[in-house]
Amino acid sequence: MSAIGPASVIANGPAFEAPDPEVPDFEASVSARTRTARRLAPSTLLGYALPCGVFAAAIAAWEALVRFNDIPPYILPAPSLIGATLIKDWAILFNATLVTLRTTVLALGLAVVGGVGLAVLFAQSKWIERSLFPFAVILQVTPIVAIAPLLIIYLSSGTAVLTCAFLVAFFPILSNTALGLASADHNLIELMQLYRASRWQGLVHLRLPAAMPYFLGGLRIGGGLALIGAIVAEIAAGSAGQGSGLAYRIVEAGFRLNIPRMFAALVLISFCGVVIHVVLAALSHLTLRRWHDSARRKGI
Amino acid sequence: MTLGRTSPLSGMMSSPLRGPPPRPAVKAGSVALRNVSKTFSNGTVALSNLDLEVREGEFVSLIGPSGCGKSTALRIMAGLTAPSSGTLEGGGGADVGFVFQEPTLMPWATVFDNVWLPLRLRRMSRTAAASAVLEALALVGLSKFTGSYPRELSGGMKMRVSIARALVIEPRLLLMDEPFAALDEITRFKLNNDLIRLKAELGTTVVFVTHSVYESVFLSSRIVVMASRPGRAIDDIAVPAPADRDEAFRSSPAYVETCRAASLALHGAMAEDDYL
Ligand SMILES: Nc1ncnc2c1ncn2[C@@H]1O[C@H](COP(=O)(O)OP(=O)(O)OP(=O)(O)O)[C@@H](O)[C@H]1O
Ligand SMILES: [Mg+2]
């Protein structure tokens, strides 16, 4: 979504500005043109075509670079070879993708439950927040790569990977949601007081909805981080000879100098990242589009 | 809430025919501040020995220079702030409607859901609340916008939603803190007329904070002029006109006379204020 934003703005630009002296009702003509500019095929098409075209051109340049310079595949495989490897090794790679994705989604789910739960707990009392927040901060500032080996000793490798992914996704969700819960409109809080709302009613009717945009922002960050956490932990676990996620396949292919497969796995990781981003961005947009300013069309 | 066939809000009207419902010792629609002082924790004396009595069915405006404690007085009446000394009689309670200076709507909720909120907090389901919510929205002329979100409304419409939300609980006492301050004059006149009509229809007691002398004279049965440092009442002006007023009242001699008297009192209050 964000990738096509700027392009479509550029593409729509002139259509908005061109003055039309024939139409007397300025507002009507502007809104009519806005509507056509949005619906009209060429500009929308260009909005999609431009980034796709640039991307395809970059891939083609890569292919050409490898072919004309005769770069051997164990140094830099051509995109066509990576594609072929993807197909050839599909069974292994697809399974690995599922493993990594499952870890990521599960970790993100747990992070949502834990992060929102703890944020709600924090919102109940300053003292709970003061006493527990330091732990959350310590977990956040300690690099996950440094924690992973320890977790792998303590836990089974699957659980360790899940825990790592959870830990990195947890903090942005917690801190964003806590901020959101605390930033409900002061007048609305007084309104709740005036109507004798219970603490629970205030949470459900005011604080949680007010925290929604913040939570969704945290969720988008957490989604990306959960994947990174899973990958990092898989690499740590993989070197100990365990696991079967995408990162493990990369490490394994590295040992065998199977560079095309490394790239193929990398492509799948990126793909997972993009899918997670797009899904969460869409979720956020659908939830907020009717009321929150972040979901408006950009002005400047 | 007793929802009559004709008007769900009819319960609010003080109807002599129906006989009085059981009431507490202090009439629900009246409110009084007795010798109230308020000193904030930072040492600011916002109110000092303020006596203010609002009887059932009155429309009282508070005017005075900025910072003289009008909002503080209103918040004490609503029970949102406790007085440092003195007592509050009536007011408080869940029977009070409060309209903030800003519309203060929940941006994530539709117009309907915003107005539903006070009833929802009383555990009333959407269907059970529907007729009262629609009635309140009809009173402020927003029946067509039940499904809109606040950001899709103009400033005046948002204000009317917030008034509908205050009305939906059939308050005996309606407290309004400069509700129309941010609006243009035309919208403001329109809402002034609406408020007069609502007041006549519902018989609610209203305490209304404004910084406009003209608005206060047009709306009120009584105007309390306040002065600052420390905040206190210095004048109490009755408006000699019946409650059902229309635009013609704005050019009547009574209106002009009262405006002059109120302006004079306000200038007196301001002259005392060394800040202004
Ligand atoms: N929460 C608070 N803490 C400290 N001082 C406050 C607080 N609220 C109000 N005051 C002070 O109390 C005084 C009265 O404030 P108040 O808001 O009641 O004035 P007002 O008459 O409503 O003014 P305005 O017309 O500008 O709204 C002011 O001097 C203000 O600085
Ligand atoms: Mg004020």
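These numbers were taken from a predicted model, which means no experiment stands behind them.

Draft legend 1. Quick look at the environment of A123(A). Residue and element names in this part refer to chain A. Of note, A123 is situated in helix α5 (residues 90-124). Each C-alpha atom of the pair A123 and A91 lies 47 Å from the other, and the pair is 32 residues apart in sequence. Sequence-distant contacts of A123, that is, excluding residues within four places in its chain, are made with L181 and R199.

Draft legend 2. Main features of helix α10 (residues 199-238) of chain A. Between its first and last C-alpha, α10(A) extends only 48 Å over 40 residues, short of the 58 Å set by a 1.5 Å rise per residue. For α10(A), the principal kink sits at M212(A) and spans about 45°; a proline, P213(A), occurs within the next four residues.

Draft legend 3. Main features of the interface of chain B and chain A. Across the boundary between the two partners, chain B contributes 27 residues, which contact 23 residues of chain A. Of the roughly 2300 Å² buried between chain B and chain A, counting both surfaces, carbon and sulfur atoms make up 61%. Looking only at chain B, the three residues that lose the most surface to chain A are W108(B), L121(B) and R151(B), adding up to 34% of its buried area. In this structure, the connection of chain B to chain A is made through 2 salt bridges. The interface formed by chain B and chain A holds 6 residue pairs in polar contact (both at pLDDT 80 or more) in total. If you list the elements that add at least two residues to the side of chain B that touches chain A, you get α1 (70-78), β5 (96-99), α2 (111-120) and α4 (155-167) of chain B.

Draft legend 4. Representation of the pattern of salt bridges. Enumeration according to the criterion identifies 22 salt bridges over all chains in this entry. Notably, a salt bridge pairs R34(B) with E53(B), separated by 3.3 Å at the nearest N-O pair. Of this pair, R34(B) sits in strand β1 (residues 31-39) while E53(B) sits in strand β2 (residues 45-54), placing them 19 residues apart in sequence. Overlapping salt bridges bring together K88(A), D89(A), R249(A), E252(A), R256(A) and R261(A) as one network.

Definitions and limits used
Note that residues are indexed from 1 along each chain, following the sequence as it is written. The naming scheme follows written order: chains are lettered A onward, ligands numbered 1 onward. In keeping with the model being predicted, local features are shown solely for residues with a pLDDT of at least 70 and side-chain atom pairs are shown and tallied solely at 80 or more, while totals for entire chains, interfaces and linings include all residues. Side-chain calculation: all heavy atoms of the structure are included, whereas hydrogens and water are not. A run of H or I in DSSP becomes a helix once it reaches four residues, and a run of E becomes a strand once it reaches two; helices and strands are each numbered from the N terminus. Here a residue-residue contact requires only that any non-hydrogen atoms of the pair lie within 4.5 Å. Here, expected helix span is obtained from the residue count minus one, scaled by 1.5 Å. The term bend refers to the angle at a residue between two fitted axes, each drawn through seven residues, those ending there and those starting there. In this description, buried area is defined as the sum, over both parts, of the accessible area (probe of 1.4 Å) that is lost when the two are combined. Salt bridges are defined by distance alone: a side-chain nitrogen of Lys or Arg within 4 Å of a carboxyl oxygen of Asp or Glu. For this analysis, a polar contact is any N or O atom pair within 3.5 Å, provided that within protein one partner can donate a hydrogen and the other can accept it, and provided that sequence-adjacent residues contribute only side-chain to side-chain pairs.

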